[in-house]
Amino acid sequence: NCFNVTVNTITQTGKNVTFDNLPAGQYEVVISYGTNCAITDFVDVTNPPQLVINENNLQITNILCAGDNNGSITGLTASGGTAPLSYQWQKEISGVFTDLAGKTQLDLTNLSGGVYRLIVTDANGCTVSKDYPVTEPAPLAVGPPTIVNVVCAGEFSGSVSFTISGGTAPYSYS
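Let us look at the structure shown here. Source: prediction; values computed, not measured.

## Points about the overall build of the protein chain
- In terms of regular secondary structure, the protein chain is built from zero helices and 17 strands.
- Against the compact-globule benchmark of 16 Å for 174 residues, the protein chain has a radius of gyration of 32 Å, which places it well outside the compact range.
- With respect to the three principal axes, the spread of C-alpha positions in the protein chain is 120 × 25 × 25 Å.
- Looking at the 174 residues of the protein chain, the share that counts as buried comes to 19%.
- On the protein chain, roughly 11,800 Å² of surface is accessible, and the fraction owed to carbon and sulfur atoms is 52%.
- Taken as two groups, the 5 positive and 13 negative side-chain charges of the protein chain have centres that lie 7 Å from each other.

## Focus: the pattern of salt bridges
- One pass over the full model with this rule turns up two salt bridges.
- For Glu55, the salt bridge is made with Lys130, and the minimal N-O distance between the two is 3.2 Å. With a gap of 75 residues between them, Glu55 in the loop between strand 5 (52-54) and strand 6 (59-61) and Lys130 in strand 13 (residues 127-134) connect regions that are remote in the sequence.
- For Lys130, a relative accessible area of 36% translates into the label partly exposed.
- Of the charged contacts, one joins Asp131 and Arg117 as a salt bridge, the two residues approaching to 2.6 Å between their closest N and O atoms.

## Some words on the environment of Asn16
- Examined against the element boundaries, Asn16 turns out to sit in the loop between strand 2 (10-14) and strand 3 (25-33).
- By relative accessible area, Asn16 is classed as exposed at 77%.
- Asn16 sits 77 residues away from Ile93 along the chain, and the two C-alpha atoms are 52 Å apart.

## Thoughts on unusual backbone geometry
- Following Ala83, the chain continues to Pro84 via a peptide bond in cis, the omega torsion being 0°.
- Along the polypeptide, Pro84 turns up in the loop between strand 8 (77-79) and strand 9 (86-93).
- For the bond running from Ala169 to Pro170, omega is 0°, close enough to zero to count as cis.
- Backbone geometry at Asn8 places phi at a positive 50°, although glycine is not the residue there.
- Take Asn8: it is sitting in the loop between strand 1 (3-7) and strand 2.
- With a phi close to 60°, Asn21 is a non-glycine residue in the positive phi region.
- As for its placement among the helices and strands, Asn21 is situated in the loop between strand 2 and strand 3.

Analysis parameters
- Residues numbered from 1 in each chain as written.
- Predicted model: local features only at pLDDT ≥ 70, side-chain atom pairs only at ≥ 80, totals over all residues.
- Heavy atoms only, no water.
- Helix = DSSP H or I, 4+ residues; strand = E, 2+ residues; numbered from the N terminus.
- Rg over C-alpha atoms; globule rule 2.2 N^0.38 Å.
- Buried < 20%, exposed > 50% of the residue type's maximum accessible area, 1.4 Å probe, protein only.
- Areas by Shrake-Rupley, 256 points an atom, 1.4 Å probe, with all protein chains shown as cover.
- Lys, Arg positive; Asp, Glu negative; His and termini not counted.
- Charge placed at Lys NZ, Arg CZ, Asp CG, Glu CD.
- Salt bridge = Lys/Arg side-chain N within 4 Å of Asp/Glu carboxyl O.

Pasting the structure below:
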């Protein structure tokens, strides 16, 4: 016995039929056999929830001093898609994002300056990604001093000044 199975005006005949490439939605399915015998049912093809990176609790800690590796990206969560979700961090190196070996958790610590990308992948291979910059200041530098000598002996009219750049302001002097 063969059956005629109709979904959205497309009919296939057989005992085991499959309708591929359907978008999410509700479908009327009519299975007919014999002259006047038919069963009608409705089936729902669903989408998984959208895969998202949640940044509500995002904290990016930038590098304090040039050359330190004390930056971090924390507080991210991911949801949606089809479980389980997996994570991979990448870093932009010479304009190309490269996987960071072993960096497969949501929090990333001990970072140098640069742009980091989180890629979240669900069980179906669907992905979402987002880039996060971690800034690193230029090295602290002090220009040559500008010296103004005392005008007359015993006065307090002399001064010395410096031009400071790099590092992280505000600066303190001692």
